[in-house]
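Reading the structure
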Amino acid sequence: MIDIHSHIIFDVDDGSKTLEQSIKYLEEIKKVGIKKVVCTPHIKNQNDEKLRKIDINYKILKEEANKRGIELYLGNEIMYSEKIITLLNNENIHTLNNTKYILVEFKRNENMDEESIITIFEKIIDAGYNPILAHPELYRHYRHIDFVEKLRAIGVIIQIDATSVLASSPFNIYIYTHKLLKNCLVDIVASDSHCTRKRNFKSLSKAYKKLKRKYGDYADIMFKENPEAVTKKSV
Ligand SMILES: [Fe+2]
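Residues numbered from 1 in each chain as written. Predicted model: local features only at pLDDT ≥ 70, side-chain atom pairs only at ≥ 80, totals over all residues. Heavy atoms only, no water.

1. A word on the pattern of salt bridges
Going by this rule: Salt bridges are identified by distance alone: a Lys or Arg side-chain nitrogen within 4 Å of an Asp or Glu carboxyl oxygen. Secondary structure elements are defined from DSSP: runs of H or I of at least 4 residues count as helices, runs of E of at least 2 residues count as strands, and each element is numbered from the N terminus. For every residue, the accessible area obtained with a 1.4 Å probe (protein chains only) is divided by the maximum for its type, and the residue is called buried under 20%, exposed over 50%, and partly exposed between those limits.
With the rule as written, the count across this model stands at 12 salt bridges. The salt bridge involving Lys53 is made with Asp11; its shortest N-O contact spans 2.9 Å. With Lys53 in helix H2 (residues 48-67) and Asp11 in the loop between strand S1 (2-3) and helix H1 (19-32), the pair connects residues that are 42 residues apart, well separated along the chain. Taking relative accessible area as the criterion, Asp11 reaches 42% and is therefore assigned partly exposed. Two residues, Glu228 and Lys232, come together in a salt bridge whose shortest N-O distance is 3.5 Å.

This is the structure we're talking about:
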């Protein structure tokens with residue numbers, strides 16, 4: 001499995017707090033059989049100091065990962081705004097492993113006009129980037145199948161969180177997630193691990209087993225083939 005969304009770099013966002021905590025979760029990654037992990041710290045705007053700290057801590061963690069046979073890549077989870085293209089063109093905010101793929105999130109409780117969201121995504125695509133929308137099931141105002149269909153139609157890639165697939169997630173999120181799956185609207189499942197008891201890498205393995213039983217080959221596309229494709233520079 002390849003995980004394209006994680007908060008395992010220590011002391012840079014609401015994910016892992018310390019190097020020790022990150023190392024503990026590297027061991028978990030190894031145990032559950034994940035081979036490659038993209039580190040995607042939250043980024044809202046241009047913050048050079050934060051970006052420097054991300055780079056430094058990433059290098060430290062990458063060495064630890066190498067020792068354990070895990071490949072770490074760098075990316076960011078970018079807060080959606082009209083300024084995304086400018087931020088990316090500054091080349092400080094990271095695309096996924098230096099590809100043209102970017103991971104984008106919305107504010108959880110914001111209720112923007114869906115048509116204008118689509119327009120901004122179109123501009124991002126026209127600028128040469130391939131946006132991946134992180135966990136659409138978590139935004140209560142946008143839990144509409146037709147909205148996701150429209151996003152996919154213009155080329156937005158849909159990533160859901162592994163925890164949303166599991167019965168332990170809140171009922172409304174669980175139901176909507178399985179509706180997305182049933183309609184084949186999910187491109188990628190990722191851990192969105194925050195290195196906590198609730199959001200970790202084990203959930204990715206649990207979700208894979210559950211969806212492999214239910215959907216067979218479609219599970220391999222969502223957990224292996226598509227995540228692999230978006231971390232490759234040549235795509
Ligand atoms: Fe995240």
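Past the structure itself, the notes keep going.
2. Considering the state of the cysteines
This is how the line gets drawn: The disulfide criterion used throughout: a pair of cysteine sulfur atoms within 2.5 Å.
On inspection of all chains with the given rule, the structure shows zero disulfides. Unpaired in terms of disulfides, Cys39 finds its nearest cysteine sulfur in Cys195, a separation of 9.3 Å. Judged by its relative accessible area of 0%, Cys39 is buried.

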